[in-house]
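Results of the structural survey
Chain residues, written in single-letter form:
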Amino acid sequence: MVNSSGVKIAPSILSADFSNLGEQVAEAAKGGADMVHIDVMDGQFVPAITLGPQMVDALRPWTDIPFDLHLMIAEPGRFVADFASAGADIITVHAEACTHLHRTIHQIKELGKKAGVAINPATPISAIEDMLPDLDQVLVMTVNPGFGGQSFISGMIAKIERMRGLINGAGLKAGLEVDGGINLGTAKEAADAGANILVAGSAVYNDRTSVAEAIRKLRESLE
């Protein structure tokens, strides 16, 4: 179990106002976010299409907190160098999208960036178990990727617990990130299961509250 005081909040700009994306990134940083989560979608691995390296480069001057890139794209190894040079700090690829996962992870690390692997709800932990010693971050998807605003799949709590057990049991330092349906009702559940990085989209970027207030409420929900 992770102490709630050590849990990082990573607002996902997928739910932000794309017409004011720079300001939205800066608002998250000023509001107390630990990192900015940037979802990259290609219309192949997932149905939606979002942004590319040029947008990451354009957003980089707006804050100096880490950019946590989640590449929901086919054959991500083709693009990791572009995203690294654009300003990514952490680059996470999907196990399901990589023919040669080991090669892609080490490609990221050779570029001087932290490397992560994401797994979809239907993908077993065993798919990446052998890679854990090489990873800086593991991302457990708690929704099926591709769209924001989905509901948390409660059956993933046991998966988060198992992943935390593997990481701790091997004495590894990899962060355990959860993405999908994180809100005031699910944040503590995910953190109690072992997640120490929570990606929150519509719970942070919405028309009900300010970004800073939303982040503060998420932190309070962990207590």
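Cut-off values and rules
Residues numbered from 1 in each chain as written. Predicted model: local features only at pLDDT ≥ 70, side-chain atom pairs only at ≥ 80, totals over all residues. Heavy atoms only, no water. Helix = DSSP H or I, 4+ residues; strand = E, 2+ residues; numbered from the N terminus. Rg over C-alpha atoms; globule rule 2.2 N^0.38 Å. Buried < 20%, exposed > 50% of the residue type's maximum accessible area, 1.4 Å probe, protein only. Contact = heavy atoms within 4.5 Å. Areas by Shrake-Rupley, 256 points an atom, 1.4 Å probe, with all protein chains shown as cover. Lys, Arg positive; Asp, Glu negative; His and termini not counted. Charge placed at Lys NZ, Arg CZ, Asp CG, Glu CD. Core = buried A, V, L, I, M, F, W, Y, C linked by side-chain atoms within 4.5 Å. Salt bridge = Lys/Arg side-chain N within 4 Å of Asp/Glu carboxyl O. Phe/Tyr/Trp six-rings, centres within 6.5 Å; stacked < 30°, edge-to-face > 60°. Lys NZ or Arg CZ within 6 Å of the ring centre and 35° of its normal.

Bringing the overall build of the protein chain into the picture now. From N to C terminus, the protein chain includes seven helices and eight strands. For a compact globule of 223 residues, the expected C-alpha radius of gyration is about 17 Å, and the protein chain comes in at 16 Å, within 12% of that figure. The burial tally for the protein chain puts 54% of its 223 residues in the buried class. Partitioning the intrachain contacts of the protein chain with sequence separation of at least 6 by distance along the chain shows that 65% fall at a separation of at least 24. When the accessible surface of the protein chain is split by element, carbon and sulfur atoms take 49% of a total near 9500 Å². Charge-centre separation for the protein chain: the mean point of 17 positive side chains lies 4 Å from the mean point of 27 negative side chains.

Counting residues in hydrophobic clusters, the biggest one holds 63 residues, and the most contacted among them are Ile13, Met163 and Leu198. Within the second largest apolar cluster, five residues are counted, among which are Ala10, Met35, Ile197 and Val199.

Residue placement: Val93 occurs in strand S4 (residues 90-94). The exposure class assigned to Val93 is buried, which follows from its relative accessible area of 0%. As a C-alpha pair, Val93 and Val117 span 24 residues in sequence and 5.0 Å in three-dimensional space.

Here we come to the pattern of salt bridges. In total, this model carries eight salt bridges according to the counting rule given. Several salt bridges converge on common partners, so that one network encompasses Glu213, Arg216, Lys217 and Glu220.

Turning our eyes to something else, we now look at the packing of aromatic side chains. Geometry of an aromatic ring pair is reported as the spacing of the ring centres plus the angle between the planes. All told, the structure shown has zero aromatic pairs when counted by the stated rule. Over the ring of Phe67 we find Arg60; its NZ or CZ atom is 3.7 Å from the centre of that ring.

Once that is clear, we can look at the side chain of Asn120. The topology assignment puts Asn120 in the loop between strand S5 (114-119) and strand S6 (137-141). Asn120 gets classed as buried once you look at its relative accessible area, which sits at 13%. Residues in contact with Asn120, not counting those within four places in the same chain, are Phe45, His94, Glu96, Met141, Pro145 and Lys159.

Positive phi, close to 45°, is recorded for Glu75, a residue that is not glycine. Tracing the backbone shows Glu75 in the loop between strand S3 (67-72) and helix H3 (80-86). Overall, Glu75 belongs to the partly exposed group, its relative accessible area being 49%.

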